[in-house]
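Chain by chain, the residues run as shown.
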Amino acid sequence: MQNSKIKFCIVMNFLFCILLGIISIDKSIISILYVLICIWALRGPKQAIQSLSINYAILLLSPVIYQLPTEVSWLRWLVLLIAGLRVIPLVSKSVLSLLVSLVVFYLVVVGLGWMESPNFIISFLKITMFTFGAGVFLTAFSCLDRSELEDYRRWFFCLIAAILMLSFITLFIPKIGFALNGTGFQGILNHPQAFALFVVPIATYLTADLLLKKERGSIWLWPIGAIVAYMLYASHARTAMVTLFMSLGTTLFVALMSSRKEKLDLAPVGSLVKIGTFVLILMSLSLLSPEFSESMTKFWLKGSKKTATVDKAFNESRGKGIEYFWRRFLQKPLTGQGFGVEEGILTEKNVTTFLGIPVSATVEKGFLPAAFLEEVGIVGVLFFLPFFLGLLYGATQTCDVRLMSMFFS
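Worth saying up front: this structure is predicted, and the values here are computed from it rather than measured.

## Observations concerning the overall build of the protein
Then, number 1: What the protein contains, in helices and strands, is 16 helices and 2 strands.
Then, number 2: Counting only residues that meet the buried cut, the protein has 42% of its 409 residues in that class.
Then, number 3: In the protein, 72% of the contacts between residues at least 6 apart in sequence involve partners at least 24 apart.

## Structural notes on helix α16 (residues 401-408)
Then, number 1: Three or more residues of α16 are buried, namely V401, R402, M404 and S405. Around the axis of α16, the buried residues are gathered within 160° of arc, so they sit on the same side.
Then, number 2: Contacts from the buried residues of α16 go to α7 (146-169), α9 (192-211), α11 (238-257) and α15 (368-396).
Then, number 3: Where α16 begins, the capping side chain belongs to D400, and its oxygen is found 2.9 Å from the backbone nitrogen of R402.

## Overview of the packing of α15 against α16
Then, number 1: It is the contact of α15 with α16, at a shortest axis distance of 9 Å, that shows an interaxial angle of 155°. Between α15 and α16, the interaxial angle falls into the category roughly antiparallel. Residues L391, L392, A395 and T396 of α15 form the contact with α16, whose participating residues are M404, F407 and F408.
Then, number 2: Classifying every residue of the contact of α15 with α16 by side-chain character gives 6 nonpolar, 1 polar and no charged.

## Quick look at the state of the cysteines
Then, number 1: In this structure the tally under the stated criterion is 0 disulfides.
Then, number 2: C9 forms no disulfide, and the closest cysteine sulfur to it belongs to C158, at a distance of 4.1 Å.
Then, number 3: C9 gets classed as partly exposed once you look at its relative accessible area, which sits at 26%.
Then, number 4: Free of any disulfide, C17 has its nearest neighbouring cysteine sulfur in C158, separated by 9.9 Å.

## Structural notes on the packing of aromatic side chains
Then, number 1: Counted under the stated rule, the structure contains 20 aromatic pairs.
Then, number 2: Considering the side-chain rings of F120 and F124, the 5.9 Å spacing of their centres and the 35° angle between planes classify their relative orientation as tilted. Here F120 pairs with F124, and both are found in helix α6 (residues 120-142), just 4 residues apart, close to one helical turn.
Then, number 3: Exposure remark for F120: the relative accessible area of 31% places this residue in the partly exposed category.

## Things to note about unusual backbone geometry
It is generally the case that most residues other than glycine have a negative phi and that most peptide bonds are trans.
Then, number 1: In this model, H236 sits at a positive phi of 65°, which is unusual for a non-glycine residue.
Then, number 2: Here H236 lies in the loop between α10 (221-234) and α11.
Then, number 3: H236 gets classed as partly exposed once you look at its relative accessible area, which sits at 30%.

## Section: the pattern of salt bridges
Then, number 1: Following the criterion strictly, the structure yields 9 salt bridges and no others.
Then, number 2: Put simply, E116 and K332 hold a salt bridge, and the shortest N to O gap is 2.7 Å. Here the residue E116 occupies a position in helix α5 (residues 93-116), and K332 occupies one in the loop between α14 (310-331) and β1 (351-354), the gap between them amounting to 216 residues.
Then, number 3: The closest approach of N and O atoms between R327 and E323, which form a salt bridge, is 3.4 Å. Of this pair, R327 and E323 both sit in helix α14, 4 residues apart, roughly one helical turn.
Then, number 4: Where salt bridges share partners, they join E150, R153, D209, D400 and R402 into one cluster.

## Re a nonpolar patch on the surface
Then, number 1: Nonpolar side chains collect at one region of the surface, where I88, V91, L96, V100, V104, L334, I378, L382, F383, L385, F388 and L389 lie side by side and expose about 970 Å² of accessible area between them.
Then, number 2: The element contributing the most residues to the nonpolar patch is α15, with 6 residues.
Then, number 3: In this fold, V100 is placed in helix α5.
Then, number 4: According to the relative accessible area criterion, V100 is partly exposed, its value standing at 46%.

## Some points on the packing of α9 against α11
Packed helix pairs are characterised by how far apart their axes lie and by the angle those axes make with each other.
Then, number 1: One way to put it is that α9 packs onto α11 with a least axis distance of 9 Å and a crossing angle of 30°. Here α9 is positioned roughly parallel relative to α11, judged by the angle of their axes. The element α9 and its partner α11 pack so that their crossing is right-handed. In this structure, α9 contributes A196, V200, A203, T204, T207 and A208 to the contact, and α11 contributes A240, T243, L244, S247 and L248.
Then, number 2: Tallied by class, the residues present in the contact of α9 with α11 amount to 7 nonpolar, 4 polar and no charged.

## Some remarks on the environment of G187
Then, number 1: Structurally, the position occupied by G187 is in the loop between α8 (174-177) and α9.
Then, number 2: When its relative accessible area of 0% is taken as the criterion, G187 is described as buried.
Then, number 3: Between the C-alpha atom of G187 and that of I163, which follows or precedes it by 24 residues, the distance is 8.4 Å.
Then, number 4: Aside from chain neighbours lying at most four places away, what touches G187 is S167, T170, I176, G177 and F195.

## Focus: the environment of K46
Then, number 1: Assignment of secondary structure puts K46 in helix α3 (residues 45-59).
Then, number 2: In sequence terms K46 and Y152 are 106 residues apart; their C-alpha atoms lie 7.1 Å from each other.
Then, number 3: Apart from the residues within four sequence positions on either side, K46 is in contact with L144, E148, D151 and Y152.

What counts and what doesn't
Residues numbered from 1 in each chain as written. Predicted model: local features only at pLDDT ≥ 70, side-chain atom pairs only at ≥ 80, totals over all residues. Heavy atoms only, no water. Helix = DSSP H or I, 4+ residues; strand = E, 2+ residues; numbered from the N terminus. Buried < 20%, exposed > 50% of the residue type's maximum accessible area, 1.4 Å probe, protein only. Contact = heavy atoms within 4.5 Å. Arc of directions from axis to C-beta. Polar contact = N/O pair within 3.5 Å; in protein donor to acceptor, adjacent residues only side chain to side chain. Axes fitted to C-alpha atoms, helices over the stretch in contact; angles between N-to-C directions. Parallel < 35°, antiparallel > 145°, perpendicular 65-115°, else oblique. Nonpolar A, V, L, I, M, F, W, Y, C, P; charged D, E, K, R; others polar. Disulfide = S-S within 2.5 Å. Phe/Tyr/Trp six-rings, centres within 6.5 Å; stacked < 30°, edge-to-face > 60°. Salt bridge = Lys/Arg side-chain N within 4 Å of Asp/Glu carboxyl O. Patch = residues over 30% accessible without salt bridge, like charges linked within 9 Å, V, L, I, M, F, W, Y side chains within 5 Å. Areas by Shrake-Rupley, 256 points an atom, 1.4 Å probe, with all protein chains shown as cover. Left-handed = near helix turned anticlockwise from the far one by under 90°.

Structural data, given as structure tokens:
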């Protein structure tokens, strides 16, 4: 049985690598692939999630290698619509309370946007897409039994493994792997931050498997985990690295406090010993190797001058943005300024339309908590909490510390 699973993973990984190679040949092939995944999404909940996974992976691909056709701007939403039409009728009691809290949040945000948003149609479409997308995923996953969830987990990890394997090759091809700025690693994706966002949940999953689980995994997980961690480090995404550490710490704390810790396959003493050993190795390398110490300093200072501090480097990148959005939040603390928009930022240049309907309106705000407060205010946050706490409760009830860590990341 174990051998058949390994063979399945090898075959799927190979097929995904082939697929990623084929769609780089011509953008028309990507259009054909979208037609195929739209059809595939109609088969069932698992197929709908698979189609959406491929859809979002395509959207993140590097323009240096892949040329996305212009119709992708609306095809991406067509996949979501078809997946939704397939799975929404299958809503079950197990997910109904989550969906109700999500819909209530949606209605509140629409009302807040109508009152305060500088561009209500953008806010309305963004919160609609968010709510519909979240509802589709939650409903689809709730329809899968344990064996189908395990099948999807293997399928999903094979897709990720293929992207990481091809990205690893680009470490030795700087024109691709470091295309954006020559310093931050992006692999075959379109931005170092996007690469880090893509990698950190998987890096957290692997690290939790190696450091937190009582049961010993394959010895091959150690070099694989090291390579994934290095690629995350090479992206220069400090937030992602902090996320990795915080997720493991939060998982360890929740697991130790849980009344079900006996079922979690957690090794409390062993985990602390492994984490302590890892920290000790890092400290020793920093003390013994000037090159390693300098590299770590550059990472945390993000290339700032040697005289800079982590605090100053943070203020130069995230700090100023957080301060700006906090000031905007204080202007309208109850209602916020409008979901998914920023006055003076959205112009014709970064709003893509289809038949006159906006299908993409990019706004990069940098730090989610401050941006979320700025957009929906205290009222919106209060109505979001039941939905978020429902997700949190479900995640902490799992008996797999790896999945719990992935959720927190």
